[in-house]
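Residues per chain, in single letters:
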Amino acid sequence: MRKLKISFILIFSMLVLSSCSLVDIRLKMLNAVDEEAIANARLEEVIEVLGNQDKDALKVLFSEQALDESIYR
């Protein structure tokens, strides 16, 4: 009976200690963002707005900070 208890404690400890690394790997997979796809989508929006020559729509695509720091207002 004592060996069974020790075995159970060891197995349980191994599972608990190894689960942290599995959670970390899974979280990285779930939080992965395809930054290239986001950048390409934004570039397509900018190209479309430039093609329409719409200054107001172009300003909407950028943050207030980007607009404040730009040399072209």
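Treat the numbers as computed from the prediction; the structure is a model and nothing was measured.

1. Observations concerning the overall build of the protein
The secondary structure content of the protein amounts to 4 helices and 0 strands. Of the regular secondary structure in the protein, the N- to C-terminal order runs α-α-α-α. When the accessible area of the protein is evaluated, it comes to approximately 7,200 Å², of which 64% is carbon and sulfur surface.

2. Quick look at unusual backbone geometry
A positive phi is found at Gln53, a non-glycine position, where the angle reads about 55°. With respect to the secondary-structure elements, Gln53 resides in the loop between α2 (35–52) and α3 (55–60).

3. So, the packing of aromatic side chains
Scanning all chains against the criterion turns up 1 aromatic pair. Plain terms: the ring middles of Phe8 and Phe12 are 6.3 Å apart, the flat faces sit at 20° to each other, and that makes the pair stacked. With Phe8 and Phe12 both in helix α1 (residues 2–31) and 4 residues apart, this pair spans about one turn of that helix.

4. Here's the deal with the confidence of the model for the protein
As a note on interpretation, predicted positions should not be read in detail where pLDDT is low. Considering every residue of the protein, the mean pLDDT works out to 82; 89% of them sit at 70 or more. The lowest-confidence element of the protein is α1, averaging 77 in pLDDT; the highest-confidence one is α2, averaging 90.

5. Notes on α2
Here α2 contains 18 residues, and its C-alpha end-to-end distance of 26 Å stays within 8% of the 26 Å for a straight helix at 1.5 Å per residue. Two residues or fewer past α2, Gln53 is found with a positive phi of approximately 55°.

6. With respect to the environment of Glu45
Within the element layout of this structure, Glu45 appears in helix α2. Linking Glu45 and Leu58, residues 13 residues apart in sequence, is a C-alpha distance of 8.8 Å.

Reading the values: the criteria
- Residues numbered from 1 in each chain as written.
- Predicted model: local features only at pLDDT ≥ 70, side-chain atom pairs only at ≥ 80, totals over all residues.
- Heavy atoms only, no water.
- Helix = DSSP H or I, 4+ residues; strand = E, 2+ residues; numbered from the N terminus.
- Areas by Shrake-Rupley, 256 points an atom, 1.4 Å probe, with all protein chains shown as cover.
- Phe/Tyr/Trp six-rings, centres within 6.5 Å; stacked < 30°, edge-to-face > 60°.
- pLDDT = per-residue confidence, 0-100.
- Expected span 1.5 Å × (residues − 1).

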